[in-house]
Every structure is written in structure tokens, then in C-alpha cells.
Amino acid sequence: MKNFIYLFSIVMVFSCAQTSEENAGTIQRTDDLSNKIMEMAKEYQQNSYELTKQIYSDTVKVRFNLDQVEGLENMISGWQQEHEVFSNISMSDEYVHTNYFSNGNVWSNFWFTWTATGNATGNEIEIKAHFDYKWENGKIVEAQGFFADNEFANELEAATNNNQ
């Protein structure tokens, strides 16, 4: 066991000491792209998508945990459905920054707390979430969302069962 800990420590030291210049870059908190993410979040809460339609690529690929949605219209349709299933959707504790990598990649990272009331059950749901947005030529071409979705999925199921 002692040898394992020693070996693990050596591997960690060398792996942490190595950097990749192709991934080196800068982080901006108050740049134009970060501000656009915050504006789109406000729009989403109001079930409005004018800025979203300008900023997302028509062929955007979006992953919400294990689910994948392709295309801007499909993504917006899903968000509109959320506003049918939930009321009082809001986002708080928001933080965003944009990473400008030296290899040209640009990603914005967005953390927030999503709250809403399920219309089928009346349950209030609070979910901590993290989203990543890949930018190319001023458009979001890829988005990834990570959050615990059990309560969210339960509410979607309850809404589906009420509509049958």
C-alpha cells in the first residue's frame, strides 16, 4: 500500500507539472460572449428566444446529460415545452466566464441554480446546473448541460400522465 501511494504521488506530480501549450489561453468574465450567455438566460426565463435564434447555429448539437438534441428549432421547442410543464422558472446564483484557448477554441462556462414549480404536481424543484457552450464564428455550435435530472424527469412524467 505504501508503494502504491508513493507511485500515485509521483504520477500526480509529473502529470500536474506538464502543460499543453495548445490548450493554454485566457479566461474572460465580462466579455461579449459571457454577456450574451447571461442575456440568453434572461430570455429563456421569459420563454422568449430572439437573441437565442441569433446566437445559436441552426445545426447546434446540444447534450443535456445523456440526452442529445440536434438543431436550433428542436432545442427551442424543448425549452418551450419546459414552460408548459413548469411555471415560475427562474435562474439564480449565475456565474459565467469564457475561455479563449490558444488553439482558437472558445468555450463559455455557465453555472446556475434553476428553480421552477411543476404544474402537474405543484412541487417546487431546485437544480444546480453547469452548461458549456462552444463558439465558432460568433455562433454556439455545441452545448453541454450537466445537472441532476431525477426531479425534472419525474415532473415531465407526471405532466405526460396527466395529458393522457
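These numbers were taken from a predicted model, which means no experiment stands behind them.

**Here's the deal with the packing of aromatic side chains**
Reasoning step 1: If you walk through the whole model with that rule in mind, you get 13 aromatic pairs.
Reasoning step 2: Note on F86 and F152: the rings are 5.2 Å apart at their centroids and 20° apart in plane angle, and the pair reads as stacked. Here the residue F86 occupies a position in strand β4 (residues 86-101), and F152 occupies one in helix α5 (residues 150-162), the gap between them amounting to 66 residues. In this structure, F86 and F152 share a single accessibility class: buried.

**A closer look at the sheet that holds strand β1 (residues 25-28)**
One key point about sheets: their strands pair by backbone hydrogen bonds, in either a parallel or an antiparallel sense.
Reasoning step 1: Within the open sheet, the seven strands sit side by side as β1-β4-β5-β6-β7-β2-β3. Their pairing is mixed. Strands with a single pairing partner mark the edges of an open sheet, and in this sheet they are β1 and β3 (67-70). The sheet shows a mean angle of 20° between the axes of neighbouring strands, taken without regard to direction.
Reasoning step 2: Sheet analysis places strand β2 (residues 56-64) next to strand β7 (residues 139-147), joined by five bridges and oriented parallel.

**Some thoughts on the pairing of strand β6 (residues 124-136)**
Two faces belong to every sheet, and in a regular strand the side chains alternate between them.
Reasoning step 1: When strand β5 (residues 106-118) meets β6, the two strands line up antiparallel, connected through 12 bridges. Looking across to β6, one finds that W114 is bridged to I127.
Reasoning step 2: What sits between the antiparallel neighbours β5 and β6 is a turn of five residues, in which G122 has the positive phi angle 80°.
Reasoning step 3: Sheet topology note: the β6/β7 ladder contains eight bridges and is antiparallel. Bridged to A129 within β7 is F147.
Reasoning step 4: Counting the residues that bridge the hairpin from β6 to β7 gives two residues, and of these N137 lies at a positive phi of roughly 50°.

**Side note on the pattern of salt bridges**
Reasoning step 1: This model, assessed by the stated rule, comprises six salt bridges.
Reasoning step 2: For the salt bridge of E142 with R63, the shortest nitrogen-to-oxygen distance reads 3.4 Å. Of this pair, E142 sits in strand β7 while R63 is found in strand β2, placing the two residues 79 residues apart along the sequence.
Reasoning step 3: According to the relative accessible area criterion, R63 is partly exposed, its value standing at 29%.
Reasoning step 4: Residue D93 pairs with K128 through a salt bridge whose shortest N-O separation is 3.9 Å. Within this pair, whereas D93 is found in strand β4, its partner K128 is found in strand β6, the two being separated by 35 residues in sequence. Of the two residues examined, D93 and K128, each falls in the exposed class.

Rules behind the numbers
Note that residues are indexed from 1 along each chain, following the sequence as it is written. The predicted nature of this model means local features are confined to residues of pLDDT at least 70 and side-chain atom pairs, given and counted, to a pLDDT of 80 or more, with totals for whole chains, interfaces and linings taken over all residues. Remark: hydrogens and water are excluded; side-chain values derive from all non-hydrogen atoms of the structure. Between the rings of Phe, Tyr and Trp (Trp by its six-membered ring), a pair exists once the centres lie within 6.5 Å; its type follows the angle of the planes, with under 30 degrees stacked, over 60 edge-to-face, and the other angles tilted. Secondary structure elements are taken from DSSP: a helix is a run of H or I of four residues or more, a strand is a run of E of two residues or more, and numbering for both begins at the N terminus. Here the term buried applies to any residue with accessible area under 20% of the maximum for its type, exposed to any over 50%, and partly exposed to those in between, with areas from a 1.4 Å probe on protein chains only. By definition, two strands form a pair when at least two bridges between them are found by DSSP. Helix axes are fitted only over the stretch in contact, all axes being lines through C-alpha atoms; the angle between N-to-C directions runs from 0 to 180 degrees. The rule for a salt bridge is simple: a side-chain nitrogen of Lys or Arg has to be within 4 Å of a carboxyl oxygen of Asp or Glu.

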